[in-house]
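Coordinate inspection notes
Each chain, written out:
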Amino acid sequence: MNKKIGLATETLQIVYKEKGAIDMVKKAGADCADFYTGCYSVADPKSVYAGSDDDIVEFFSDLKQYANDRGVSFYQTHGRRRIYLGETKSDTICLENARRDLIAAKTLGAKVCVMHGVTVSTMGADTDPEIMHSLNRDSFLQILKWAKEYGIILASETFGFCSALDTPELFAFFDEFKSAYERIAAIDDNAEYFKVCIDTGHVNSVSKFEKHSAGDFIREFGKNVVCLHMHDNDGFSDQHLPLYSGTVDWNDVFDALDSVGFDGVYNLEIDLNRYGKGFEPDAAEFVVKLLRFALNKRYSRANG
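Below is a short write-up of the structure.

Here is what the cut-offs are and how they apply
- Residues numbered from 1 in each chain as written.
- Predicted model: local features only at pLDDT ≥ 70, side-chain atom pairs only at ≥ 80, totals over all residues.
- Heavy atoms only, no water.
- Helix = DSSP H or I, 4+ residues; strand = E, 2+ residues; numbered from the N terminus.
- Pairing = 2+ DSSP bridges.
- Axes fitted to C-alpha atoms, helices over the stretch in contact; angles between N-to-C directions.
- Contact = heavy atoms within 4.5 Å.

Another aspect to go through is unusual backbone geometry. Despite not being glycine, lysine 17 has its phi angle at roughly 65°, a positive value. Note on placement: lysine 17 falls in helix α1 (residues 10-28). Positioned with a positive phi, histidine 240 is a non-glycine residue whose angle comes to about 55°. Relative to the elements of secondary structure, histidine 240 occurs in the loop between β9 (225-229) and α10 (250-259).

Written out as structure tokens, the structure is:
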């Protein structure tokens, strides 16, 4: 079994800072860190993003060396959660942060930077879908120019249930997400740089509204699925639970990944703070062991 396992570091970064999070990834037994850069902002004078591009390169080069020395690599990073905020000054800042997310990803040696599309939490649940599509396209097209310049794949993440407004995201629906993706990918050479991140928990959180499962999304987008956010929930909200703790059909997810020849990292995006401050290292070790056990069991049986 030659599958690599990744671990999202957002919750670890909160408690243990950047290098501490890398230490926790290593201790947990994961191969890769899915590093969160969405926490940095050019508008924050204390943030590394408030400096120059060279400052960003220096900061993340040091972090990459630190990770490399510990046998941890970066396959993907997580950039902006919102690429459109609805106000000119804020949007200018948001797009500049997205550009810097791509510089950070390149410096870390990541292949992919994941970003969220336009969200109803910003636009409102009653916004005309065509307006959502138009803003989503325009925002991603701008970011894609930088992705091409820096040689980074930009991955649009599948959406789920918006708890703040008690409604599904527009792009949580299979047909809407597919349409939004294809509108962008069809332009020029965008398909080479614009791909899909399957968030299993997001898809599952709208299962009461949407008939398509995470496995269905994977089979539909095939080789365009370049990265994963793997987590579970009860089908009603986005909980970021360990695998096999909710209602995601993991056999179907693994079957779908096999059917499309997925060769990326099996990346976990678990809420490691769920059990309380100080228990994050144990939670991280458990979720990595659980996924590795599931993968070993599956593929050892297949090869035997």
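On to the sheet that holds strand β2 (residues 32-36), then. Read across the sheet, eight strands follow the order β9-β8-β5-β4-β3-β2-β1-β10 without closing on themselves; strand pairing throughout is parallel. At either margin of the open sheet sits one strand with a lone partner, and together these are β9 and β10 (266-268). Pairs of neighbouring strands in the sheet enclose a mean axial angle of 30°, with direction left out of account. Pairing of strand β1 (residues 5-8) with β2, which is carried by three bridges, proceeds in the parallel orientation. Residue pairing across strands places glycine 6 opposite cysteine 32, the latter belonging to β2. Where helix α6 (residues 174-185) meets the sheet, its contacts fall on β5 (153-157) and β8 (194-199), and the angle it forms with β8 comes to roughly 160°.

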